Amino acid sequence: MKTVKQVSQVSGVSVRALHHYDAIGLLKPTRVTEAGYRLYDDTALERLQNILLFRELQFPLKEIGRILDTPGFDREAALNDQIRLLELQRAHIDRLLSAAREMQKNGGKIMSFSVFDKKQQQAFAAEAKQRWGNTEAFRESQKKTAEKTDDQLQRDGSALMAFFTRLGGLKSGNPDGEEAQSLVAELQQFITEHYYNCTKQILSGLGQMYVADERFKANIDSAGGAGTAEFAAKAIEIFCQR
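Criteria and thresholds
- Residues numbered from 1 in each chain as written.
- Predicted model: local features only at pLDDT ≥ 70, side-chain atom pairs only at ≥ 80, totals over all residues.
- Heavy atoms only, no water.
- Helix = DSSP H or I, 4+ residues; strand = E, 2+ residues; numbered from the N terminus.
- Buried < 20%, exposed > 50% of the residue type's maximum accessible area, 1.4 Å probe, protein only.
- Contact = heavy atoms within 4.5 Å.
- Areas by Shrake-Rupley, 256 points an atom, 1.4 Å probe, with all protein chains shown as cover.
- Salt bridge = Lys/Arg side-chain N within 4 Å of Asp/Glu carboxyl O.
- Core = buried A, V, L, I, M, F, W, Y, C linked by side-chain atoms within 4.5 Å.
- Pairing = 2+ DSSP bridges.
- Arc of directions from axis to C-beta.
- Lys, Arg positive; Asp, Glu negative; His and termini not counted.
- Polar contact = N/O pair within 3.5 Å; in protein donor to acceptor, adjacent residues only side chain to side chain.
- Phe/Tyr/Trp six-rings, centres within 6.5 Å; stacked < 30°, edge-to-face > 60°.
- Lys NZ or Arg CZ within 6 Å of the ring centre and 35° of its normal.
- Axes fitted to C-alpha atoms, helices over the stretch in contact; angles between N-to-C directions.
- Parallel < 35°, antiparallel > 145°, perpendicular 65-115°, else oblique.
- Left-handed = near helix turned anticlockwise from the far one by under 90°.

## A short note on the overall build of the protein chain
Consideration 1: Within the protein chain, the regular secondary structure consists of 12 helices and 3 strands.
Consideration 2: Across the 242 residues of the protein chain, 37% fall into the buried class.
Consideration 3: When contacts within the protein chain are restricted to residue pairs at least 6 apart in sequence, those whose partners lie at least 24 apart make up 62%.
Consideration 4: By element, 51% of the accessible surface of the protein chain is carried by carbon and sulfur atoms, the whole surface being about 14,500 Å².

Here you go:
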């Protein structure tokens, strides 16, 4: 058993925050001594780890509590997401270290700003947040999917990939061109009609995921040719910024 101070030291969560988690029922101590000291066992620390994972994904505390208390919550899957997120963060830090050393060798000159790009982390966080958050978009997608036959789902999937085939035909041009931007608008409308309400915020996250997730990138490039995912992501980024 660990005291609240010891838990704070090992987790980096302030004592004040731990008291707040207790007050709102998010993380109750395993036992409170007669003297009023909070004590936490390994099960409580495991819950704290899951809380911190979802905090990294920018979930509000109330939503985190709802997720963790849902029957059938998959702790192993949550841990896998935490590991993946940490791996992405470590890779980002390694790139920054390499760039800093190069700058040191070159008298402080910045050779490339690409090392500051955090799209991969952001895309993974967006994907994980949708998976764990059971968002309105997720619920809407589940409802629409349940109402369709396998043939309808296959047709929808083929129609979706057709957008990337068309985008692939434009990739030698400019992603902010009228034709590319019109196609992105059609893509957004298609997702809204067949899956869920695709706001610009959601579309932006999808665009990032198209290049950050190798599975998506490979599928999109197979539909429109090498470089299609990058072109699509750039066109979506421009569209969502307007």
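Let us keep going from here.
## What to know about the pattern of salt bridges
Consideration 1: Applying the stated criterion across every chain, the model contains 5 salt bridges.
Consideration 2: The closest approach of N and O atoms between Arg166 and Glu186, which form a salt bridge, is 3.4 Å. Of this pair, Arg166 sits in helix α8 (residues 150-168) while Glu186 is found in helix α9 (residues 178-194), placing the two residues 20 residues apart along the sequence.
Consideration 3: Of the charged contacts in the structure, one is a salt bridge between Glu230 and Lys217, with a shortest N-O distance of 3.8 Å. In this pair, Glu230 is assigned in helix α12 (residues 228-241) and Lys217 in helix α11 (residues 214-224), connecting sequence segments 13 residues apart.
Consideration 4: The partly exposed category is assigned to Glu230, whose relative accessible area is 45%.
Consideration 5: You can call Lys217 partly exposed: its relative accessible area is 23%.

## As for the nonpolar core
Nonpolar side chains in soluble globular proteins tend to end up buried together.
Consideration 1: Phe164 and Ile191 are the most contacted members of the largest nonpolar core, which has 28 residues in total.
Consideration 2: Among the elements of the structure, α8, α9, α10 (200-212) and α12 are those that each provide at least two residues to this core.
Consideration 3: Top contributing element to this core by residue count: α12, with 8 residues.
Consideration 4: Once residues within four sequence positions are removed from consideration, Ile191 is found in contact with Leu160, Tyr196, Cys198, Leu206 and Tyr210.
Consideration 5: Membership of the second largest hydrophobic core comes to 20 residues, among which are Val13, Ala17, Tyr40 and Ile64.

## Some remarks on the sheet that holds strand β3 (residues 38-40)
Remark on secondary structure: sheet strands pair via backbone hydrogen bonds, oriented parallel or antiparallel.
Consideration 1: Read across the sheet, 3 strands follow the order β1-β3-β2 without closing on themselves; strand pairing throughout is antiparallel. Each having just a single partner strand, β1 (2-3) and β2 (31-32) make up the two edges of the open sheet.
Consideration 2: Relative to β3, β1 is paired through 2 bridges, and the arrangement is antiparallel. In the strand pairing of β3, Lys2 is matched with Tyr40.

## Notes on helix α4 (residues 61-68)
Consideration 1: Buried within α4 are the following residues: Leu61, Ile64, Gly65, Ile67 and Leu68. All buried residues of α4 fall inside an arc of 165° around its axis, so they share one side.

## A word on the side chain of Asp221
Consideration 1: If you trace the backbone, Asp221 turns up in helix α11.
Consideration 2: This buried residue, Asp221, is left without a salt bridge; Lys217 holds the nearest opposite charge, at 5.3 Å.
Consideration 3: For Asp221, the side chain forms a polar contact with the main-chain nitrogen of Thr228, separated by 3.1 Å.
Consideration 4: Contacts of Asp221, omitting those with residues within four sequence positions, involve Ala226, Gly227, Thr228 and Ala229.

## Brief notes about the environment of Leu61
Consideration 1: Examined against the element boundaries, Leu61 turns out to sit in helix α4.
Consideration 2: Placed 10 residues apart in sequence, Leu61 and Ile51 show a C-alpha to C-alpha distance of 8.1 Å.
Consideration 3: The residues contacting Leu61, other than those within four sequence positions of it, are His20, Tyr21, Ile24, Leu26 and Arg55.

## With respect to the packing of aromatic side chains
Consideration 1: Applying the stated rule across the entire model yields 2 aromatic pairs.
Consideration 2: Their ring planes at 55° and their centres at 5.4 Å tell us that Phe163 and Phe190 sit as a pair that is tilted. One end of the pair, Phe163, is in helix α8; the other, Phe190, is in helix α9, with 27 residues separating them in the sequence. In this pair, the class of Phe163 matches that of Phe190, namely buried.
Consideration 3: Lying across the ring of Phe239, Lys200 places its NZ or CZ 5.0 Å from the centre.

## Quick notes on the packing of helix α3 (residues 42-56) against α4
Consideration 1: Contact geometry for α3 and α4: axes closest at 10 Å, N-to-C directions at 130°. Between α3 and α4, the interaxial angle falls into the category oblique. Like other packed secondary-structure pairs, α3 and α4 cross with a definite hand, here right-handed. In this structure, α3 contributes Arg47, Asn50, Ile51, Phe54 and Arg55 to the contact, and α4 contributes Leu61, Ile64, Gly65, Ile67 and Leu68.

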